[in-house]
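# Structural overview for review
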Amino acid sequence: MRYIEWAVMFLVAGVGIALANFVGFQVNFMDSVPGILILLAISFVSVVISKLVPFKLPVIAYCSLIGLLVASPLCPAREFVIEAAGKINFTAPLTMVGAYAGISISDQLKEFAKQGWKMLLIAALVMIGTFTCSAIIAQIVLSLTHVI
Amino acid sequence: MKQQEFMYSGLGERLKKEWKIYLAALIFIIIADSIGQIKIPLGPGTLILFPIFYSIFLGILSGPQILKIFKKPEVKAASKLVIVCICPFIAKLGINAGASIETVISAGPALLLQEFGNLGTIFLSLPIALLLGLKREAVGACHSINRETNLALMQDVFGPDSPEARGSLSIYIIGGMVGTIFFGFMATVIASTGLFHPYSLGMASGVGAGIMMATATATLSEMFPAMADQIGALASASETISGIDGIYMALFVGIPLCNWLYGKLEPKLGPIHDKLAGKGKGEK
């Protein structure tokens with residue numbers, strides 16, 4: 001995608017976030033705007049960096065790192081960033097993700113129906129195993145390092 | 001993202017071909033967020049339905065196999081748009097992590113080490129897959145949580161027509177259809193055991209699948225509202241690390257471990273399956 005396409009797609013996403021934040025959480029559009037602009041700016045900068053840097057990392061890794069950076073004590077605008085982003089409800093950006101994701105898997109429905117119970121069971125085990133094993137290790141290390 | 005040829009000649013063509021998708025997404029948002037959250041107690045856990053589930057459902061409904069509002073090209077276009085929407089969400093999580101930076105730093109060692117937990121699933125799922133009679137498909141299915149990068153990796157390593165890639169694709173499809181809702185529910189069941197601190201659960205949510213992490217985090221935040229910020233911060237940090245190391249973990253540890261375990265277990269568990277299948281009612 002070209003930068004201009006990314007930029008316009010992000011703006012559409014911003015409209016989606018504002019809409020979800022208003023319909024679901026009664027936050028006015030104007031109150032959502034600063035937070036959304038910050039999120040979109042971080043996203044756009046991440047896209048630019050991921051295209052420029054030869055070392056390939058997923059775009060979302062940059063989004064997360066830059067987000068962390070601008071909200072960390074290193075950033076002079078920290079308070080503003082945290083307050084503005086705080087207006088955006090946690091799940092508000094997700095509804096649009098779901099809409100696109102739903103459309104994008106809609107042609108796999110028949111494939112899904114063809115999967116037998118064995119694969120369903122294994123998929124469940126894979127998810128349970130991944131989550132539980134991470135939780136066990138985290139629990140042990142957090143205890144050992146006296147964080148909890 | 002990989003460097004690739006442009007799908008469209010320019011912004012104009014993209015908007016002309018995709019405006020229906022944007023419009024549908026906005027309509028889905030109005031419907032989904034009007035319904036809002038629904039909590040359903042289910043066994044030891046709580047099934048919390050978020051607007052994202054309704055919008056996924058509406059998206060699937062509108063596709064070429066049911067309502068046929070969208071056809072194949074739009075399905076393809078939508079899959080490219082997912083990343084656009086997930087970016088601002090991850091940025092939001094990054095900000096949460098920055099706001100709770102002390103928690104993230106103090107949890108540093110745990111954050112790094114729990115990444116290896118993502119491999120733990122192999123010891124649980126592979127033996128059972130073999131008992132169920134799967135062969136090499138099991139290696140693809142069990143080596144990781146099988147999101148996009150893993151799918152590409154399996155096709156690259158074993159070939160697109162290999163049983164390993166087929167196994168990976170199966171889990172990928174199931175994960176896409178029901179993974180989001182299952183992952184959130186599973187998190188509440190495991191949380192309700194009381195064995196784990198909410199911080200551990202938050203970290204465990206970051207498995208390299210943004211949408212699954214999102215529902216697990218949202219669900220856990222509902223269960224532990226007082227620690228919602230820290231849970232989100234740790235989940236986001238863990239997800240970021242998984243996003244970076246996931247492909248290397250799978251390539252250098254996950255796949256070799258699966259191969260090794262397969263070689264050890266298949267000769268033992270394969271015959272057990274055959275015996276059970278022979279005795280029980282016939283399987284396909």
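Look up a bit, the structure's there.
Residues numbered from 1 in each chain as written. Chains lettered and ligands numbered in written order. Predicted model: local features only at pLDDT ≥ 70, side-chain atom pairs only at ≥ 80, totals over all residues. Heavy atoms only, no water.

## Observations regarding the packing of helix α1 (residues 11-35) of chain B against helix α3 (residues 72-99) of chain B
Residues and elements named next belong to chain B.
- Remark: α1 packs on α3, axes separated minimally by 10 Å, with the N-to-C direction vectors making an angle of 80°. The angle between α1 and α3 falls in the class roughly perpendicular. Where α1 approaches α3, its residues Arg14, Lys17, Glu18, Lys20, Ile21 and Tyr22 are matched on the opposing element by Glu74, Ala77, Ala78 and Leu81.
- Class assignment of the residues belonging to the contact of α1 with α3 gives a composition of 5 nonpolar, no polar and 5 charged. (Axes fitted to C-alpha atoms, helices over the stretch in contact; angles between N-to-C directions. Helix = DSSP H or I, 4+ residues; strand = E, 2+ residues; numbered from the N terminus. Parallel < 35°, antiparallel > 145°, perpendicular 65-115°, else oblique. Contact = heavy atoms within 4.5 Å. Nonpolar A, V, L, I, M, F, W, Y, C, P; charged D, E, K, R; others polar.)

## Here we look at the nonpolar core
- Ranked by size, the top nonpolar core spans 95 residues in total, and within it Tyr100(A) and Phe183(B) carry the most contacts.
- Ranked by residues supplied to this core, first place goes to α3(B) with 14 residues.
- When sequence neighbours within four positions are dropped, the list of residues in contact with Phe183(B) reads Met127(A), Phe131(A), Ile145(B), Ser205(B), Val207(B), Met212(B) and Ala216(B).
- Ile122(A), Met249(B), Ile255(B) and Tyr262(B) belong to the second-largest nonpolar core, a separate cluster that totals 27 residues. (Core = buried A, V, L, I, M, F, W, Y, C linked by side-chain atoms within 4.5 Å. Buried < 20%, exposed > 50% of the residue type's maximum accessible area, 1.4 Å probe, protein only.)

## Remarks on the interface of chain B and chain A
- In this complex, chain B contributes 116 residues to the contact, which on the side of chain A involves 95 residues.
- Carbon and sulfur atoms make up 79% of the surface buried where chain B meets chain A, a total of about 9,400 Å² over both sides.
- Joining chain B to chain A, the criterion identifies 2 salt bridges.
- For Glu5(A), the salt bridge identified is with Arg14(B), shortest N-O distance 2.5 Å.
- Taken together, the links from chain B to chain A amount to 23 residue pairs in polar contact (both at pLDDT 80 or more).
- A per-element tally of the side of chain B that touches chain A places α3(B) first, with 25 residues.
- Its residues assigned to classes, the side of chain B that touches chain A comprises 75 nonpolar, 32 polar and 9 charged. (Buried area = accessible area lost by both parts, 1.4 Å probe. Salt bridge = Lys/Arg side-chain N within 4 Å of Asp/Glu carboxyl O. Polar contact = N/O pair within 3.5 Å; in protein donor to acceptor, adjacent residues only side chain to side chain.)

## Some thoughts on the pattern of salt bridges
- Under the defined criterion, the tally for this structure stands at 10 salt bridges over all chains.
- Here Arg2(A) and Glu5(A) are joined by a salt bridge, their closest N and O atoms 2.7 Å apart.
- Here Glu5(A) falls in the buried class, since its relative accessible area comes to 1%.
- A salt bridge links Glu266(B) to Lys135(B); the nearest nitrogen and oxygen atoms lie 2.6 Å apart. Taken as a pair, Glu266(B) in helix α12 (residues 228-279) and Lys135(B) in the loop between α6 (117-131) and α7 (137-142) lie far apart in primary sequence, 131 residues in all.
- You can call Glu266(B) buried: its relative accessible area is 18%.
- Ionic contacts of the salt-bridge type, sharing partners, join the residues Arg2(A), Glu5(A), Arg14(B) and Glu18(B) into one network.

## Here we look at the packing of helix α5 (residues 94-105) of chain A against α1(B)
- Running from N to C, α5(A) and α1(B) point in directions that differ by 125°, and their axes come no closer than 9 Å. Between α5(A) and α1(B), the angle is such that the two are oblique. Every pair of crossing elements has a handedness; the one defined by α5(A) and α1(B) is right-handed. Counted together, Thr95(A), Met96(A), Ala99(A), Tyr100(A) and Ile103(A) of α5(A) and Ile21(B), Tyr22(B), Ala25(B), Leu26(B), Phe28(B), Ile29(B), Ala32(B) and Asp33(B) of α1(B) form the full contact between these two elements.
- Of the residues assigned to the contact of α5(A) with α1(B), the class counts are 11 nonpolar, 1 polar and 1 charged. (Left-handed = near helix turned anticlockwise from the far one by under 90°.)

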